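Survey of secondary and tertiary structure
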Amino acid sequence: MINRLQERCIREDQTTLKLELDYKLGVYSRTDCAGIRQINEFMYFDGHELIGYMGICEFGGAGTPLEVNGMVHPEYRRQGIFGTLSRLVMAEWRRRSPKSMLLLSDRKSEAGQAFIQGTGAMYHHSEHEMYLRVDRPEIHNDLEGFTLRKATNADAWEIHRQNAIYFGDELGEEETNDTREGMILPEEEEKRGMTIYLAEADHQVIGKVHIQLSPGIGSIYGLGVLPEYRGKGYGRATLLKAIDKLKEANAGDIMLQVAVENANALRLYQSSGFVETSTMDYYELC
């Protein structure tokens, strides 16, 4: 039902949505540590027809902003539906978390951009969405001793630490390897379709990558190499091995997202056959 509405909106508007439906599959709601139900999906119906949707996606651990994206059926716009859904989302945000919230809109979506401007949210960052449009180039990255290892829950701290290095996630002074509260747990993520791999060279962890397979599309997220190992080909080797794993899983299209200002990563992806297809703007509410 949600997929059908998404397809209609994308076809009508020729823009991109980032609803993360496959990631949220099976996580319609959860209960927080106080036993209060957390709602991630908000839907608006006309009879039995879904005509509006807005979803909250929560990646990462403590301190990571919530992400919100939504849509309204083209024939039901300018009737206050998006405003109603946004008020429900805002109430849920205020009730459940002191985190900031990111509102997402395709740069080409005039309606989405106008709505966000009306909320008073401030520009935060932008990401290019890129698709693999050229067969994997014949680049030899047979680096001796290089492997990808599937992460387990015991690697939660290492993943948390790397996210702080690559993406500016918060790393509290009181956090240690002894506690995994609020951290990404790889075995739980895999149940939702996201598999995390640690990149290793000579049995030393040097980076990581996350991959996800949904119907017809393979996605690459969270790729990074630790600063002391950069410039040695490990980033490309990690990317190409991730592509191989998705192809082995029969992914049709393969996509990834990269921050607009990350020129080094952008060059790596372009030289590996990826092409920019859209730009998503993120605006922050605190």
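Residues numbered from 1 in each chain as written. Predicted model: local features only at pLDDT ≥ 70, side-chain atom pairs only at ≥ 80, totals over all residues. Heavy atoms only, no water.

**Structural notes on the overall build of the protein chain**
Our working definition: Segments assigned H or I by DSSP are reported as helices when at least four residues long, segments assigned E as strands when at least two residues long, and all are numbered from the N terminus. Between buried and exposed lies partly exposed: a residue is buried under 20% and exposed over 50% of the maximum accessible area for its type, with that area taken using a 1.4 Å probe on protein chains only. Here, two residues are considered to be in contact whenever any of their heavy atoms come within 4.5 Å of each other. Note on areas: these come from Shrake-Rupley sampling with a 1.4 Å probe, and a residue is covered only by the protein chains present in the view.
Secondary structure assignment for the protein chain yields eight helices and 13 strands. Evaluated residue by residue, the protein chain yields a buried proportion of 51% over its 286 residues. Within the protein chain, contacts between residues at least 6 apart in sequence are counted, and of these 69% link residues at least 24 apart. Surface summary for the protein chain: the accessible area is close to 14,800 Å², and the carbon and sulfur share equals 48%.

**Some thoughts on the pairing of strand β13 (residues 274–285)**
Put simply, the test is: By the convention used here, strands pair only if DSSP detects at least 2 bridges between them.
Pairing analysis gives six bridges linking strand β6 (residues 101–106) to β13, with the strands arranged antiparallel. Paired with Leu 104 across the bridge in β13 is Tyr 282. By the bridge criterion, 10 bridges tie strand β7 (residues 122–132) to β13 in an arrangement that is antiparallel. Residue pairing across strands places Ser 126 opposite Asp 281, the latter belonging to β13.

**Some thoughts on the pattern of salt bridges**
Our working definition: Only one rule defines a salt bridge in this text: a Lys or Arg side-chain nitrogen within 4 Å of an Asp or Glu carboxyl oxygen.
Taken as a whole and assessed by the stated rule, the structure comprises 14 salt bridges. In this structure, Asp 253 and Arg 133 form a salt bridge, with 3.9 Å as the shortest nitrogen-oxygen distance. Of the two residues, Asp 253 sits in strand β12 (residues 253–259) while Arg 133 sits in the loop between β7 and β8 (146–150), which places them 120 residues apart along the sequence. Take Asp 253: its relative accessible area is 35%, and that puts it in the partly exposed class.

**Comments concerning helix α8 (residues 263–271)**
We count it as follows: Working note: the arc is built from the helix axis to C-beta atom directions.
Residues Ala 265, Leu 266, Leu 268 and Tyr 269 constitute the buried set of α8. Across the axial projection of α8, the buried residues extend over an arc of 160°, all falling on one side. The secondary structure elements touched by the buried residues of α8 are β7, β11 (217–225), α7 (234–248), β12 and β13. At the exit of α8 stands Gly 273, carrying a positive phi of roughly 105°.

**Remarks on the sheet that holds strand β4 (residues 49–57)**
As a reminder, the rule being used: Axis lines are fitted to C-alpha atoms, over the contacting stretch for helices. Their N-to-C directions set the angle, which ranges from 0 to 180 degrees.
The sheet built from 11 strands is open, its strands ordered β3-β4-β5-β6-β13-β7-β12-β11-β10-β9-β8 with mixed pairing. Taken across any chain shown, the strands that pair with only one partner, and hence form the sheet edges, are β3 (41–46) and β8. The sheet shows a mean angle of 25° between the axes of neighbouring strands, direction not considered.

**As for the side chain of Ser 105**
Looking at the element boundaries, Ser 105 is found in strand β6. Residue class for Ser 105 comes out buried when judged on its relative accessible area of 4%. Among all residues touching Ser 105, those that are not within four sequence positions of it are Gly 112, Gln 113, Ile 116, Thr 279, Met 280 and Asp 281.

**Re unusual backbone geometry**
One non-glycine residue, Arg 78, lies in the positive phi region at around 60°. With respect to the helices and strands, the residue Arg 78 is situated in the loop between β5 (66–72) and α3 (81–96). Located in the positive-phi region is Asn 250, a residue other than glycine, with phi close to 70°. On the secondary structure map, Asn 250 appears in the loop between α7 and β12.

**Points about the pairing of β4**
Counting buried positions over the nine residues of β4 gives eight, a clear majority of the element. When β3 meets β4, the two strands line up antiparallel, connected through six bridges. The residue bridging Phe 42 from the neighbouring strand is Met 54, located in β4. Relative to β5, β4 is paired through six bridges, and the arrangement is antiparallel. Within β5, the residue paired with Gly 52 across the bridge is Val 72.

**Description of the nonpolar core**
Note the following rule: Remark: nonpolar core denotes a set of buried residues (Ala, Val, Leu, Ile, Met, Phe, Trp, Tyr, Cys) joined through side-chain atoms within 4.5 Å.
Judged by nonpolar contacts, the single largest core of 29 residues is most densely connected at Ile 220, Leu 239, Ile 243, Ile 254, Tyr 269 and Phe 274. If you list the elements that add at least two residues to this core, you get β7, β8, β9 (194–201), β10 (204–214), β11, α7, β12 and α8. Residue contributions to this core peak at seven residues, all from α7. Apart from the residues lying within four places of it in its own chain, the contact partners of Ile 243 are Leu 132, Ile 220, Ile 254 and Phe 274.

**Thoughts on the confidence of the model for the protein chain**
Just so we agree on the cut-off: pLDDT gives the predictor's per-residue confidence on a scale running from 0 to 100.
Summarising the model, the protein chain shows a mean pLDDT of 87, and 85% of its residues fall at 70 or more. Looking over the protein chain, one finds the lowest element-wise mean pLDDT in strand β1 (residues 29–31), namely 49, and the highest in β9, namely 96.

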